[in-house]
Amino acid sequence: MRKLSQQEEKELISFIKDWLKTHGLNQKDLAYELKIKSSRTSEIILKIKEFYKKGGMFNVAKNLIKIEQNWLNNFKNDYQEINQTPPYNQLDIDSLVNQINQDTSS
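In this text, all values refer to a predicted model and were calculated from it rather than measured experimentally.

Rules used throughout
- Residues numbered from 1 in each chain as written.
- Predicted model: local features only at pLDDT ≥ 70, side-chain atom pairs only at ≥ 80, totals over all residues.
- Heavy atoms only, no water.
- Helix = DSSP H or I, 4+ residues; strand = E, 2+ residues; numbered from the N terminus.
- Buried < 20%, exposed > 50% of the residue type's maximum accessible area, 1.4 Å probe, protein only.
- Contact = heavy atoms within 4.5 Å.
- Phe/Tyr/Trp six-rings, centres within 6.5 Å; stacked < 30°, edge-to-face > 60°.
- pLDDT = per-residue confidence, 0-100.
- Core = buried A, V, L, I, M, F, W, Y, C linked by side-chain atoms within 4.5 Å.
- Salt bridge = Lys/Arg side-chain N within 4 Å of Asp/Glu carboxyl O.
- Arc of directions from axis to C-beta.
- Polar contact = N/O pair within 3.5 Å; in protein donor to acceptor, adjacent residues only side chain to side chain.

What about the overall build of the chain?
- From N to C terminus, the chain includes four helices and zero strands.
- The N-to-C order of helical and strand elements in the chain reads α-α-α-α.
- Every one of the 106 residues in the chain was classed for burial, and the buried ones make up 25%.
- Taking all contacts inside the chain whose residues are at least 6 apart in sequence as the whole, residues at least 24 apart take part in 57%.

So this is what it looks like as structure tokens:
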């Protein structure tokens, strides 16, 4: 398989930076998903080149899609956790009943 050209490499770097910005993430988040120690652009592109060697642009895209799916699943789970209203406990219900009784007797 041929190597990435300099132009393809520049385009990939530009795409990845825009892609991360779209998701509100940074290179550190991507490095974590790629399981590399450094979040430097040079280290990320080395990992991308590794994907390219193993299966061309298709393999690069497949791996980036897998990462994006993981992020989207995590965002969805975080959103559900944040937006779930906590269930009422007995003290809350007793307090509400007392308040209702006070309001209706006035």
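Observations regarding the packing of aromatic side chains
- Taken as a whole and assessed by the stated rule, the structure comprises two aromatic pairs.
- Measuring from centroid to centroid gives 5.0 Å for W19 and W71, while their planes differ by 40°, and the two rings are tilted. Taken as a pair, W19 in helix α1 (residues 6-23) and W71 in helix α3 (residues 41-83) lie far apart in primary sequence, 52 residues in all.
- Three or more aromatic residues link up through ring pairs in this structure, and these residues are F15, W19 and W71.

Quick word on the confidence of the model for the chain
- Taken residue by residue, the chain gives an average pLDDT of 85. The fraction at 70 or more is 82%.
- Mean pLDDT across the elements of the chain ranges from a minimum in helix α4 (residues 90-105), with 78, to a maximum in helix α2 (residues 27-34), with 94.

Some words on the nonpolar core
- Grouped together as the largest cluster of nonpolar side chains are 17 residues, with contacts concentrated most on W19, L20, L30, I48, V60, I67 and W71.
- The set of elements that each furnish at least two residues to this core consists of α1, α2 and α3.
- The element that contributes the greatest number of residues to this core is α3, accounting for nine residues.

Quick look at the pattern of salt bridges
- Under the counting rule described, the total for this entry stands at three salt bridges.
- Here K49 ties to E9 by a salt bridge, and the two come within 3.3 Å at their closest N and O atoms. Placement of K49 in helix α3 and of E9 in helix α1 is noted, with a sequence separation of 40 residues between them.
- Accessibility expressed as a relative area gives 31% for K49, which makes it partly exposed.
- Here E50 and K47 are joined by a salt bridge, their closest N and O atoms 3.5 Å apart. Taken together, the residues E50 and K47, both in helix α3 and three residues apart, mark about one turn of the helix.
- In this structure E50 comes out as partly exposed when scored by relative accessible area, which is 33%.

As for unusual backbone geometry
- Positive phi is not limited to glycine here, since K35 has a value of about 60°.
- Structurally, the position occupied by K35 is in the loop between α2 and α3.

Considerations on α2
- Buried within α2 are the following residues: L30, A31, E33 and L34. One side of α2 carries all its buried residues, which in axial view fall inside an arc of 160°. Exposed residues lying more than 90 degrees from the buried face of α2 are K28 and Y32.
- N-capping of α2 is provided by N26, with a side-chain oxygen placed 3.0 Å from the backbone N of K28.
- Downstream of α2 by one or two residues, K35 has phi in the positive range, about 60°.

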